[in-house]
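Take a look at the letters that make up each chain.
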2 protein chains.
Amino acid sequence: MVDKGEAILVEGSHNAHLYTMLSGLAFRFKIIEDGRRQILNYILPVDLIGLQGSLTGEMQHSIETLKPSVLCVFERNRIDEIFVKHPKLAYDITWLAAREERMLDEHLLSIGRRTALERTAYVLSFLASRSIEAGMDQTDEVSLPVTQQHLADTLGLSIVHTNKTLKKLSDRELIKWGERSCTINDVEALARIANWQVGQTEDRPFI
Amino acid sequence: MVDKGEAILVEGSHNAHLYTMLSGLAFRFKIIEDGRRQILNYILPVDLIGLQGSLTGEMQHSIETLKPSVLCVFERNRIDEIFVKHPKLAYDITWLAAREERMLDEHLLSIGRRTALERTAYVLSFLASRSIEAGMDQTDEVSLPVTQQHLADTLGLSIVHTNKTLKKLSDRELIKWGERSCTINDVEALARIANWQVGQTEDRPFI
DNA sequence: CGTCAGTTTGACACGAATCAAAGTGAGTGG
DNA sequence: CCACTCACTTTGATTCGTGTCAAACTGACG
């Protein structure tokens, strides 16, 4: 169990295990020395954390929680064992790595080639569909416990411009901002603005 | 064997196998309907191609060659077999997936938070060190057979601005542009501009 | 009541996109 | 062999999107 706002893995650390996020919410990020931060992806139940660190020996990014989170630990030195004794599990781990890669590809497309409005719409619909998929919100409304600074660092925008872009979306009533959190009203309209095909949920391993 | 400039895998296609790039050079990219293109990463010897497609059933990006390339095919339906019978090989595949993820993380940081000059310096030093690592250039000079449009689509910049940024770097004699290709003179100076730590080459599986 | 983190807004500056046009060299066909 | 085309590069002028600066506002919390 890890509290909200806590760093659970720090760039450069060596004691990397493999974790599964059982409940909660976190994000992976990198920072440049002068403080610029880029959020790489969000971690929802039931995602894998620390795969790279486990396989390469050193974390290349940091992780911080947005909600109190519960993790399940796989010992690093048991990973070889998994590959030898549990091929199905090993396959699932690789499947999840490939899935992470697809998400990063889409983020790259977003930051590289979409406008601020498209990008913002994309991230919000992306996070909303992942939340729904993970069953995080029982209600109809999807609500994300992030600050505008988090979104800015996800989008590669300044916080001021992020704010103005969010205003455009809430003027259209696609989202509502309140109390350090964002509720998404219309996932599909957002995806349409972003020119994004929300991927159909496939069979996905639950490690 | 695939010729230069040819598409070898197309987004949405289903016949995805797993390939190894034995020699040559290619790149992965995604496009938005209106034509905007984002290059996601480059594929050098001895990289794996099509992992996601093989595991998830459908390619989410396309691949095109920059040089005549030789590929080695793994049948898709033999992947399960690999995980069961060759755990070491399965581990290596996962290792490579984790490595790809690290590269994408760094690109994301770059496009999201670095300036045009830093970004350009980063990609060039990144590609140069990968070329050296892959032993693609026997000579001291590293030379990349790309157009400025390729770089622009990698960097998330317009082609005009890319040109002007490249000029700054060649004024400093860090690179030289000529004949649809770029030769990199000073990898480390570029990395320094980008504020980038070029990762030490670790043991890396050669599948 | 004051502080503090986060949000909101307006004015202005700057980096990058767009527009336009000319230059280069390889390849092609007359 | 020359003219022509075509893809790519280069450069300057201008526009536009986004960043930066500054200041006020809000609500939680001590």
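Up top you'll find the structure we're talking about.
Keep in mind that this is a model prediction, so the values were computed, not measured.

Draft legend 1. The pairing of strand β4 (residues 37-43) of chain B, seen in detail. All names here are of chain B. With seven of seven residues buried, β4 lies mostly within the body of the structure. As paired elements, strand β3 (residues 26-31) and β4 share six bridges and run antiparallel to each other. Within the sheet, the bridge partner assigned to Phe 29 lies in β4 and is Ile 39. From the end of β3 to the start of β4, which pair antiparallel, there are five residues, and Gly 35 there has a positive phi angle of about 110°.

Draft legend 2. A look at unusual backbone geometry. Residue A:Pro45 is joined to A:Val46 through a cis peptide bond whose omega torsion reads 0°. Mapping A:Val46 onto the fold places it in the loop between β4 (37-43) and β5 (48-49). Of note in this structure, B:Glu173 is not a glycine but carries a positive phi near 65°. Mapped onto the elements, B:Glu173 comes out in the loop between α6 (159-171) and β9 (175-178). The phi torsion at B:Asn195 lies on the positive side, around 65°, for a residue other than glycine. Inspection of the secondary structure puts B:Asn195 in the segment after α7 (187-194). Overall, the relative accessible area of 32% leaves B:Asn195 in the partly exposed class.

Draft legend 3. Inspection of the protein's contact with DNA strand D at higher detail. Neighbouring DNA strand D are 16 residues; A:Ser158, A:His161, B:Gln148, B:Asn163 and B:Lys167 lie closest to it. Here the atoms of DNA strand D within 4 Å of the protein split so that 72% fall in sugar or phosphate, with bases taking the remainder. Contacts to DNA strand D include A:Ala116, whose backbone N or O atom sits 3.3 Å from a phosphate oxygen. Separating a phosphate oxygen of DNA strand D from a side-chain N or O atom of B:Gln148 is a distance of 2.7 Å. Ranked by the residues each element gives to the surface near DNA strand D, the list is headed by α6(B), at four residues.

Draft legend 4. Seen up close, the sheet that holds strand β8 (residues 142-144) of chain A. Residues and elements named next belong to chain A. In spatial order, the strands read β8-β10-β9; together these three strands make up an open sheet with antiparallel pairing. Only two strands of the sheet have a single partner each, and these edge strands are β8 and β9 (175-178). Along the sheet, successive strands turn relative to each other by an average axial angle of 20°, direction set aside. With three bridges connecting them, β8 and strand β10 (residues 181-184) associate as antiparallel partners. Note that in β10 the partner of Val 142 across the bridge is Ile 184.

Draft legend 5. The interface of chain A and chain B, seen in detail. Taken together, the contact between chain A and chain B spans 47 residues of the former and 47 residues of the latter. Summing both sides of the interface, chain A and chain B together bury roughly 4600 Å²; the carbon and sulfur share of this comes to 61%. Connecting chain A to chain B are ten salt bridges. Put simply, B:Asp105 and A:Arg28 hold a salt bridge, and the shortest N to O gap is 2.9 Å.

Draft legend 6. Region of the structure containing the pattern of salt bridges. Inspection of every chain in the model, using the stated rule, returns 28 salt bridges over all chains. The closest approach of N and O atoms between B:Asp92 and B:Lys88, which form a salt bridge, is 2.8 Å. On the criterion of helical spacing, the pair formed by B:Asp92 and B:Lys88 is a turn pair, its members being four residues apart in helix α3 (residues 87-113). Given a relative accessible area of 9%, B:Asp92 falls into the buried group. Each of the salt bridges in this network shares a partner with another, and the network as a whole consists of A:Arg28, A:Glu100, B:Glu101 and B:Asp105.

Parameters at a glance
- Residues numbered from 1 in each chain as written.
- Chains lettered and ligands numbered in written order.
- Predicted model: local features only at pLDDT ≥ 70, side-chain atom pairs only at ≥ 80, totals over all residues.
- Heavy atoms only, no water.
- Buried < 20%, exposed > 50% of the residue type's maximum accessible area, 1.4 Å probe, protein only.
- Helix = DSSP H or I, 4+ residues; strand = E, 2+ residues; numbered from the N terminus.
- Pairing = 2+ DSSP bridges.
- Near = heavy atom within 4 Å.
- Polar contact = N/O pair within 3.5 Å; in protein donor to acceptor, adjacent residues only side chain to side chain.
- Axes fitted to C-alpha atoms, helices over the stretch in contact; angles between N-to-C directions.
- Contact = heavy atoms within 4.5 Å.
- Buried area = accessible area lost by both parts, 1.4 Å probe.
- Salt bridge = Lys/Arg side-chain N within 4 Å of Asp/Glu carboxyl O.

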